[in-house]
Amino acid sequence: MAIVYVAYDGKWENNAYVDHKLKVLMVSMDKTCLALQMQIAKSIGIEEEASKIRMLYNANLETSKGVEIENDSDVEMYLYLVKNEEEYKKCPIIVEIEETTIQYSEGSKDSVVALYVEEEQILTTTLVQKTKKRRFQEVEETETSSSSSSVWESLKREKENMEIITKGTSIEDLKENLIFESKEDLKEVLSMISIKKKFQYRVPKSDKKRFMARCIDENNPNHRQASSHLISKYIQNMLGDPKVEYKTNQVISDVKRVLGVTVNYQKAWRAMQNARDEVLGPASDSYGLLPSYCHVLKKNNPGSVTKIMKDSENRFKFLFVAYGVSIEGWKHCRPVIVVDGTFLKAKHGGILFVACAKDGNNGIFPLAFGVGESENNEAWEWFFTSLKEAIGGREELCIVSDRHLSIANAIKRVYPEAHHGICMHHLKENLIKRYMVTGLHDLFFKAARAYRHSEFEKYMSEMSSLNPKIKDYLLEIGPGRWARCLYPRRRYNIQTSNIAESINSTVKEAREQPILKLLDELRKTFQNWFLERSKLAASTFYPVTTWAHKEMRDKLEKANCMEFDLDEIPCSHAIAGIDKLYRNKYEYCSKWYDIMMYKNTYNGSLNPVGDKEDWNIPEDIKQEILLPPIYKPAAGRRKKQRYKSATETFKMSTKCGRCRRTGHNRKTCKFSPALHPYSKKHNTNEASTSCKAQSSPAAF
């Protein structure tokens, strides 16, 4: 792929093209001359005029305008220079539009005749120019020999009876005295009518002055006018809600049911993409709007931090967003951060980075998020650096994540003072994948969640009895990173990275949307969370949060030493001692569970950014160029589901309904006195009895 600049709508002065407009295109290296003309025509808004474009580029020749691009070899040479020669990287293609000369009849200076041919008759339509706006008007039927002057006279006679057809207006049939705002609107209406009336047509002539359509007798269920662009108009209302998945097969069935037309899978898929671009906007354009979006976000939410990193070619690389209310609320949360990354399913791919914590009510508190190209050392280090600049440091800070090496390397470089804890769920998956032993799952969780060191040693010994290598593997990782009783710092009840994965699953559907839509869905989700939890905090009348109050009540029924020390919530023993001293047990809870801390966590509000039409953006930000990243999709269908680990597809051991032991079922049980007729024990006993009977002498 090559980045090509297109200059147009300018003028020549002294062999220099000045006062022009500029477009930036992504062009494949194998592009033909005609395909390049069509791509340029579409980008600068010249419909169906690709063959009348003159392309040239300035080769620093002082005596000429430049080198003209006329064939595929010229295109190949230009793309090679742009790709490999430094002085040509920003050398634009200069586009000149060759206007056609049209003879006007008397009285038709501002009009041009366009003909609609239907069988043997010609339906004549006139293009009228009023205040520089082109309109198509349908007039009476005439013979083939009708001149443009007679058409103009008919137009003037019928002028007072004209009916203006605006964009999106549905009409049942073409009739006289209709005005369309553009040729595209006329073509769209004609295509819809042809589908409804069960006829097809072809276009022998079409340019910016005329449009001719001839009816044809073609008995084909694949209607030629049922284009992907037209089908997209019917399915746009199905794509408004990102939580509703509308599949390509549903498009095929809906088109068959509503329009009575059969379309193939490829056309339905293209219609889906066109409709998605119409509703959500093109995915590539979202990147260009990111600087403006971040500016409005910071303006409407004081204290927010946004950062965008670009490469040398102005292509998107990294994004970081931390809301001002999250930065302030983090000061009132437990000093434990959970981070995770998940892949994006949009056109340009990428990774969504999430950092979150837990509030005093044990709810998920969104801290910051970012978008990058992939999960590597550079991406995670940039994300943690931006996070530290936004929220600063904390005493006794602990960061929890999975065992991704890039996360561990970034924490060592950016947060050397923090303790890096491992998610016990991911560690369990790695452990079971390495040692598939019955009962290992339960023993590991008991060891990881144990409050007392003696309990931890007991479960470690039981795992070692299953396989001695299990204990060596866990000790090599470091029990202080996953075992609760051996944490060098308090992780409270945060032993997994599930809260970060919960945020990822919350925006599961939005991860398929363009990046701007993804950011706004995240903002809406967090805005609702802050609003709901601020109301919950205002309606709580305990000295502590409702979750902490419930935990204290549950601990009265189940006592376990060391809980008070590690969770900072009084256990039953501590509550008994506190009550004996006639003191308030809530005063012995950690300050992080205090109701005032919880209220301060959600004291602020997250404000929306509004419609982009209402944004007030400074000129320097408007002119900032941000191109989408270069993404090479893998062959085949785009991946939407994550790859499951081996432990998720591994079938756990069964439990017998007779002896209640694991590892077998009722049919294969050898321990129950009541044998199943097909059990192995039953068959074994029967076979041994038969052998003994055959070996004994015959009885007379």
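Structure's up top.
These numbers were taken from a predicted model, which means no experiment stands behind them. Position labels on residues start from 1 in each chain and follow its written sequence. Totals for whole chains, interfaces and linings use all residues, but because this is a predicted model, local features are given only for residues with pLDDT of at least 70 and pairs of side-chain atoms are given and counted only at 80 or more. To get the side-chain values, all heavy atoms of the structure are used, and hydrogens and water are removed first.

Caption draft 1: Seen up close, the overall build of the protein. Counting its secondary structure elements, the protein contains 25 helices and 21 strands. Per-residue burial for the protein yields a buried fraction of 45% across its 700 residues. For the protein, restricting intrachain contacts to residue pairs at least 6 apart in sequence, the fraction spanning at least 24 positions comes to 60%. Counting only carbon and sulfur atoms, one obtains 48% of the accessible surface of the protein, whose full area is about 38000 Å². Runs of H or I in DSSP of at least four residues are treated as helices and runs of E of at least two as strands, each being numbered from the N terminus. Partly exposed describes any residue whose relative accessible area lies between the buried limit of under 20% and the exposed limit of over 50%, with all areas from a 1.4 Å probe on protein chains only and scaled to the type maximum. Every residue pair with non-hydrogen atoms within 4.5 Å of one another is taken to be in contact. Areas reported here follow the Shrake-Rupley algorithm with a probe of radius 1.4 Å; residue values treat only the protein chains shown as occluding.

Caption draft 2: Spotlight on the pattern of salt bridges. Should a side-chain nitrogen of Lys or Arg be within 4 Å of a carboxyl oxygen of Asp or Glu, the pair is scored as a salt bridge. Within the structure shown, the criterion is met by 15 salt bridges. Glu 381 serves as the salt-bridge partner of Arg 413, at 3.7 Å between the closest nitrogen and oxygen. Pair noted here: Arg 413 is in helix 12 (residues 405–414) and Glu 381 is in helix 11 (residues 377–391), with a separation of 32 residues, a long-range link. The exposure class of Arg 413 is partly exposed, given its relative accessible area of 49%. As a salt-bridge pair, Lys 388 and Glu 417 come within 3.6 Å of each other at their nearest N and O atoms. One end of the pair, Lys 388, is in helix 11; the other, Glu 417, is in the loop between helix 12 and strand 21 (419–422), and 29 residues separate them in sequence. Lys 388 gets classed as partly exposed once you look at its relative accessible area, which sits at 28%.

Caption draft 3: Up close: the sheet that holds strand 5 (residues 53–57). Pairing between strands is defined by DSSP: at least two bridges between the two strands are required. With mixed pairing, five strands are arranged side by side in an open sheet as 4-1-7-5-6. Strand pairing shows two members of the sheet lacking a second neighbour, strand 4 (21–27) and strand 6 (67–69), which therefore form its edges. Between one strand axis and the next, the sheet turns through 35° on average, direction left out of account. Two elements, strand 1 (residues 2–8) and strand 4, share seven bridges in a ladder whose sense is antiparallel. Each residue of the ladder has a partner; that of Val 4, found in strand 4, is Leu 25. For helices, the axis comes from a line fit to the C-alpha atoms of the stretch in contact; other axes are also lines fit to C-alpha atoms, and the angle between any two N-to-C directions lies between 0 and 180 degrees. The sheet contacts of helix 2 (residues 72–84) involve strand 1, strand 4, strand 5, strand 6 and strand 7 (93–97), and relative to strand 1 the element is tilted by about 110°.

Caption draft 4: Region of interest: the packing of aromatic side chains. What counts as a ring pair is set by centres within 6.5 Å for rings of Phe, Tyr and Trp (its six-membered ring), and what kind of pair is set by the plane angle: stacked under 30 degrees, edge-to-face over 60, tilted for all other angles. In this structure the tally under the stated criterion is 24 aromatic pairs. For the ring pair Phe 320 and Phe 383, a centre distance of 5.7 Å and an interplane angle of 65° mean the geometry is edge-to-face. Pair noted here: Phe 320 is in strand 16 (residues 316–322) and Phe 383 is in helix 11, with a separation of 63 residues, a long-range link. Residue Phe 383 is classed as buried on the basis of its relative accessible area, which comes to 1%. For the ring pair Phe 383 and Phe 384, a centre distance of 6.1 Å and an interplane angle of 70° mean the geometry is edge-to-face. Any Lys NZ or Arg CZ found within 6 Å of a ring centre and within 35 degrees of that ring's normal is scored as a charge over the ring. The side chain of Arg 394 reaches across the aromatic face of Trp 330, ending 4.4 Å from its centre. Positioned above the aromatic ring of Phe 343, the side-chain terminus of Arg 511 is 5.3 Å from the ring centre.

Caption draft 5: Spotlight on the side chain of Asn 504. Position of Asn 504 relative to the elements: it lies in helix 17 (residues 498–506). Overall, the relative accessible area of 4% leaves Asn 504 in the buried class. In contact with Asn 504, not counting residues within four places along its chain, are Asp 340, Gly 341, Thr 342, Leu 352, Val 354 and Arg 511.

Caption draft 6: Region of the structure containing unusual backbone geometry. We note that Asn 314 has phi near 65°; this positive angle belongs to a residue other than glycine. With respect to the secondary-structure elements, Asn 314 resides in the loop between strand 15 (305–310) and strand 16. Asn 314 gets classed as partly exposed once you look at its relative accessible area, which sits at 29%.

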